[in-house]
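Residue strings, one per chain:
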Amino acid sequence: KLTQGRDLTTVIIFSAAIFSSSLILLTFMVQGIVIPIIYIWVEIMIVLSFTQFWILAGQVFDPRQAKRLFGLISGSGAIASMAVGSGIRPFVQTFGSDKLLFATAFFFGITVLTSLFIRPYRMKLESRTVKSVKAKKGKSKFDSYLIAITIVICSMAFVSKFVDYQFKIMASNAYPTQDELVNFFGLFYAITGAAGFIVQFFLTGRILARFGVLVGLIILPIGLFAGSIGFFMVPLLATIFIPKFADQVFKFTINNATVQLLWLPVSPKATSEKKPVIDGTIKAFMEGFAGLSIFIAANWMGVPLHYLSIAVLFVAALWIYYTFNTKTGYVSALQKAIEKRQLNFEDLEIDVADSEMVKTIEKTLRADEDIKQLFALELIEDIPLTPWAKTLNELFHGENQEISKTILKISADNSNVVSDDELM
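None of the values given here were measured: they were computed from a predicted structure. (Residues numbered from 1 in each chain as written. Predicted model: local features only at pLDDT ≥ 70, side-chain atom pairs only at ≥ 80, totals over all residues. Heavy atoms only, no water.)

## A short note on the overall build of the chain
Item 1. Secondary structure assignment for the chain yields 15 helices and zero strands.
Item 2. Expected size for 424 residues packed as a compact globule is a radius of gyration near 22 Å; at 24 Å, the chain falls within 12% of this value.
Item 3. Viewed in the frame of its principal axes, the chain has a C-alpha envelope of about 75 × 55 × 50 Å.
Item 4. Within the chain, buried positions represent 42% of all 424 residues.
Item 5. A separation of at least 24 residues holds for 81% of the contacts in the chain among residues at least 6 apart in sequence.
Item 6. Carbon and sulfur atoms make up 65% of the accessible area of the chain, which totals about 23,800 Å². (Helix = DSSP H or I, 4+ residues; strand = E, 2+ residues; numbered from the N terminus. Rg over C-alpha atoms; globule rule 2.2 N^0.38 Å. Buried < 20%, exposed > 50% of the residue type's maximum accessible area, 1.4 Å probe, protein only. Contact = heavy atoms within 4.5 Å. Areas by Shrake-Rupley, 256 points an atom, 1.4 Å probe, with all protein chains shown as cover.)

This is how it looks when you write it as structure tokens:
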């Protein structure tokens, strides 16, 4: 309500000023009840800052630019983790760990400068073309596919909180002094940042293209399940390091990319209604429920730390089971979406195609109906055509001139589809 109708750059500057000044003030009060207050306040700052960033990005980039750049932007977060993680140790040695909040305030100041640099490139909202679509009365229901997506996302939120708590408690026991603990976390985030960078840019697209959404979804829960078994049997920092490493590396790379793909065959109406509820309200509730469960188990019931892995194993097993349901539902929804012409790749923020999508579009391209073939060509116009190069080349040399013309248009920059010799 406070920011409604106000210039976004002004809002970012004002927010950064509040965040920075509060951190500087809290630097001199880090003790007792102030510590959990800082922890919660930092979470609030992260949520608001990320929201402001993505709104700003939406005002600067159109959908085609977003597809090419958002993956790069997300991957650069891994570079930031490497840079900051490796820089924490020398910073702490020079200034002490109690001055890290000053560094955080400094980076908020950097966001002010970058938002001012970006300001001239922002698109005016009133100048953008908005297509008005009359929505049908009544809300779309949660079908079995959306329920499977919800269970997968909720399981991830629940397990992630438990593993994070176990990891931080074990780390604080292994490194009792403040500076040692900070240095350890710096090294950890540098390592996971480097691993995340490799997975994001070199493995995510290849894994999805070759093995599909099932493997993309199941890597993370299997890593958490296996690591939690190890920690339950041998409760050491080295064993809890494995599931936390998997969570930190795969959640924001291949798992996030695959979850985005899951929404592709869902109708725009259902996506606009259900995605904020699932990714926002339900996921946040599950994270809060996990935190409350940890508090009750650890403080009121005195459950040993490694026994919390029992809950992790149970939920992770449920998560793995529902990934198979989700994959089946994804293929079915993808086929229905193509039949109803509901797919919209412009809404996809990543530029990858999974094996199920490739097979389904391949089947549509080889359909006997020209209308289906032309729609499939329209679908893949703005994504890499290499998976369908052979089929497109055959259609290019077919009898339908409209299809040949469309293929020539969309493959102008791809010699794998129509070679220069063929054009000559």
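## Focus: the environment of Phe375
Item 1. Mapped onto the elements, Phe375 comes out in helix α12 (residues 370-379).
Item 2. Under the relative-accessibility criterion, Phe375 is labelled buried at 6%.
Item 3. Sequence separation between Phe375 and Tyr121 is 254 residues; the distance between their C-alpha atoms is 34 Å.

## Overview of the environment of Leu236
Item 1. In this structure, Leu236 sits in the loop between α7 (213-233) and α8 (237-262).
Item 2. Judged by relative accessible area, Leu236 falls into the partly exposed class, the value being 47%.
Item 3. A C-alpha to C-alpha distance of 9.4 Å links Leu236 and Ala171, two positions 65 residues apart in sequence.
Item 4. When neighbours within four sequence positions are excluded, Leu236 is seen to be in contact with Met170 and Phe231.

## Focus on the nonpolar core
Item 1. One finds Tyr330, Ile361, Leu365, Ile380, Trp388, Leu392 and Ile407 to be the most contacted residues of the largest nonpolar core, which totals 41 residues.
Item 2. Setting aside residues no more than four positions away along its own chain, Leu365 makes contact with Gln373, Ala376, Leu377, Ile380, Trp388, Thr391, Leu392 and Leu395. (Core = buried A, V, L, I, M, F, W, Y, C linked by side-chain atoms within 4.5 Å.)

## Some words on the layout of surface pockets
Item 1. By volume, the second largest pocket is sized at about 410 Å³.
Item 2. Lining the second largest pocket are 17 residues, with Leu2, Thr3, Val11, Ser15 and Gln52 sitting closest to its centre.
Item 3. Elements supplying a minimum of two residues to the lining of the second largest pocket: α1 (8-27) and α2 (34-60).
Item 4. Counted by class, the lining of the second largest pocket contains eight nonpolar, seven polar and two charged residues. (1 Å grid on protein atoms, 1.4 Å probe; cavity = no way out; pocket = protein on both sides within 12 Å on 5 of 7 lines; lining within 4 Å. Points joined across faces, edges and corners; volume = space filled by probe spheres on them. Nonpolar A, V, L, I, M, F, W, Y, C, P; charged D, E, K, R; others polar.)

## Here's the deal with the environment of Ser22
Item 1. One can find Ser22 in helix α1.
Item 2. Put simply, Ser22 and Ile38 are 16 residues apart on the chain and 9.6 Å apart in space, counted from C-alpha to C-alpha.
Item 3. A distance of 2.8 Å separates the side chain of Ser22 from the side chain of Trp41, its partner in a polar contact. (Polar contact = N/O pair within 3.5 Å; in protein donor to acceptor, adjacent residues only side chain to side chain.)

## Notes on a nonpolar patch on the surface
Item 1. On the surface, Val84, Phe106, Phe107, Ile110, Leu113, Leu116 and Phe117 cluster together into a nonpolar patch covering about 700 Å² of accessible area.
Item 2. Element by element, the count of residues in the nonpolar patch is highest for helix α4 (residues 100-118), at six residues.
Item 3. In this fold, Val84 is placed in helix α3 (residues 63-95). (Patch = residues over 30% accessible without salt bridge, like charges linked within 9 Å, V, L, I, M, F, W, Y side chains within 5 Å. Salt bridge = Lys/Arg side-chain N within 4 Å of Asp/Glu carboxyl O.)

## A short note on the packing of α7 against α8
Item 1. Running from N to C, α7 and α8 cross one another at 165°; their axes reach a closest spacing of 8 Å. Classed by the angle they form, the pair α7 and α8 counts as roughly antiparallel. Crossing geometry of α7 relative to α8 is assigned as left-handed. (Axes fitted to C-alpha atoms, helices over the stretch in contact; angles between N-to-C directions. Parallel < 35°, antiparallel > 145°, perpendicular 65-115°, else oblique. Left-handed = near helix turned anticlockwise from the far one by under 90°.)

## Concerning the packing of aromatic side chains
Item 1. This model, assessed by the stated rule, comprises 21 aromatic pairs.
Item 2. Centre to centre, the rings of Phe185 and Tyr189 are 6.5 Å apart; their planes meet at 35°, and the pair counts as tilted. Placement of the pair is Phe185 and Tyr189 together in helix α6 (residues 178-211), with a separation of four residues, close to one helical turn.
Item 3. By relative accessible area, Tyr189 is classed as partly exposed at 27%.
Item 4. By way of ring pairs, the aromatic residues Phe167, Tyr175, Phe184, Phe185, Phe188, Tyr189, Phe241 and Phe245 are connected into one cluster. (Phe/Tyr/Trp six-rings, centres within 6.5 Å; stacked < 30°, edge-to-face > 60°.)

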